[in-house]
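# Examination of the molecular architecture
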Amino acid sequence: MFSQSNRTVVVVGAQWGDEGKGKLVDVLAERADWVVRYQGGANAGHTVDLGKHSFVLHQIPSGILHEGVRCAIGNGVVLDPDTLFTEIDGLVGDGIDVEGRLYVSDRAHLVLPYHKLIDGESSHSQSLGTTGRGIGPAYEDKIARRGVRVLDLRNRDRLLDLVEQGVERANAQLTAFGSTKRADANETVDRLSTLAERLLPLAEDVGLMIYRAMKSGASILLEGAQGSLLDVDHGTYPFVTSSSTTSGGAATGVGIPPTSIDAVLGVVKAYTTRVGTGPLPTEMDDAMAEHVRALGNEFGATTGRARRCGWFDAIVVRYATRVNGLTDVAVTKLDVLDTLDRLAICTGYEYDGDLHTEFPGDITALEKIVPRYEWLDGWKRSTGDVRKLEDLPSAARVYLDRLEELIETRVTYVSVGTRRDQIIGL
């Protein structure tokens, strides 16, 4: 995707997350100078399979696995410093050189221990199916203008004041939840002071760094987390995450002008999944869902939770095309469908006696939907060793052609396995 005219590329999930963005970022990062995460937190789980070793990255951009590529965590991310250094130490232990290649925005907000306590004890968080990692409460503090940023670690007095206020609010909430757990301000500040010794040397004005890199002609890859249908504004609200997962969030989450974005790659599975509660119009029956879940190893890289499985929903992906301005699409996990006799594609929603071809924002409408399916023949052949489009079974090409037609965006990549090399570039 990188060219003289495409220097800055955004990679977004175009369903409910878990689409395989980590693999696509890893593939594209080979030709990038910078890879930057722009939103989300340690609830992400981007898996990169190198064959002999598989990496699951929660906060560090997938580009870190390519020697010489520089990586940054933008201001739109809520950063968990404890897990960040666990992740760094794990990479170093596996022989990945991180020194001088990873930067953190000094404007990024921190996920603190009391955020995790609130998330774990809140019945509201549990009903929404959150990961319990404190992401939502950290974003709440950010929007309420009472959060703690990386740059606050430079001033212990200000840090103590912010944390004391945060702990007081958190303990009041925990009491209201009926929990006996309590946060402690001094313990939190002491822990942050220790972490600051490693974190502050990484802290930079990431927006300025990336702007200067763009001006110099560098290739920039902007990596999102979760998926478009989990966007706080454009997703299946309230069953969403707490940040802007769509391409619009890339500019604000890094600190660059939106006019600098040249292309947007949307990543979709060849079927549909989502984790936790919330609408999934094309959800399969229990037997088929269990079968596809086993074939695709559909369990969360971060939580281990089983993913719900559904047929490909063209209404969802066409909606994601519009709100993201997708220029290209990557279809992942095509190989998971290799053994199925027939495949369904949702081409419309029936509710209230009418056929609808646009994705509704009303959660009550989504609960009434009866999907209208178009059925295609399966190809009943392994695709894992295919590296050229023309070598795919004809029924697989028909399936991809139909997806491309329905979502109104060109398919540029097809992934046919978990490994880095199992990909077709069209």
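Residues numbered from 1 in each chain as written. Predicted model: local features only at pLDDT ≥ 70, side-chain atom pairs only at ≥ 80, totals over all residues. Heavy atoms only, no water.

Below, the discussion takes up the overall build of the chain. When helices and strands are tallied, the chain shows 13 helices and 20 strands. Taking 22 Å as the expected radius of gyration for a compact globule of 426 residues, we find that the chain reaches 21 Å, a close match to that expectation. Here the C-alpha coordinates of the chain stretch approximately 65 × 50 × 40 Å along the principal axes. Within the span of the chain, comprising 426 residues, buried residues form 58% of the whole. Seen as two clouds, the 46 positive and the 60 negative side-chain charges of the chain have centres 2 Å apart. (Helix = DSSP H or I, 4+ residues; strand = E, 2+ residues; numbered from the N terminus. Rg over C-alpha atoms; globule rule 2.2 N^0.38 Å. Buried < 20%, exposed > 50% of the residue type's maximum accessible area, 1.4 Å probe, protein only. Lys, Arg positive; Asp, Glu negative; His and termini not counted. Charge placed at Lys NZ, Arg CZ, Asp CG, Glu CD.)

In this structure, I64, L84, L91, L110, L199 and L221 are the most contacted members of the largest nonpolar core, which totals 59 residues. Ranked by the residues each element gives to this core, the list is headed by helix α7 (residues 185–199), at six residues. Formed by 58 residues, the second largest nonpolar core is a distinct cluster that contains V206, V386, A395 and V416. (Core = buried A, V, L, I, M, F, W, Y, C linked by side-chain atoms within 4.5 Å.)

Attention now goes to helix α8 (residues 206–215). For α8, every residue scored as buried is listed here: V206, G207, M209, I210, A213 and M214. Projected onto a plane normal to the axis of α8, the buried residues spread over an arc of 165 degrees and lie on a single side. Away from its buried face, by an angle of more than 90 degrees, α8 presents the exposed residues R212 and K215. One or two residues past the end of α8 sits G217, with phi positive at roughly 95 degrees. (Arc of directions from axis to C-beta.)

Following the sequence through the fold, V92 ends up in helix α2 (residues 81–93). Given a relative accessible area of 47%, V92 falls into the partly exposed group.

Two numbers describe how helix α3 (residues 113–121) lies on helix α5 (residues 135–143): the axes approach to 7 Å, and their chain directions differ by 120 degrees. Relative to α5, the element α3 lies oblique. The crossing of α3 and α5 is right-handed. On α5, the residues that touch Y114, H115, I118 and D119 of α3 are I135, P137, A138 and D141. Classifying every residue of the contact of α3 with α5 by side-chain character gives five nonpolar, one polar and two charged. (Axes fitted to C-alpha atoms, helices over the stretch in contact; angles between N-to-C directions. Parallel < 35°, antiparallel > 145°, perpendicular 65-115°, else oblique. Left-handed = near helix turned anticlockwise from the far one by under 90°. Contact = heavy atoms within 4.5 Å. Nonpolar A, V, L, I, M, F, W, Y, C, P; charged D, E, K, R; others polar.)

The omega angle of the peptide bond from Y237 to P238 is 10 degrees, so this bond is cis rather than trans. Positionally, P238 belongs in the loop between β10 (220–223) and α9 (248–254). Backbone geometry at D18 places phi at a positive 60 degrees, although glycine is not the residue there. Following the sequence through the fold, D18 ends up in the loop between β1 (8–13) and α1 (21–29). A positive phi angle, close to 60 degrees, is found at E408, a residue other than glycine. Relative to the helices and strands, E408 resides in the loop between α13 (394–407) and β19 (411–415). By relative accessible area, E408 is classed as exposed at 59%.

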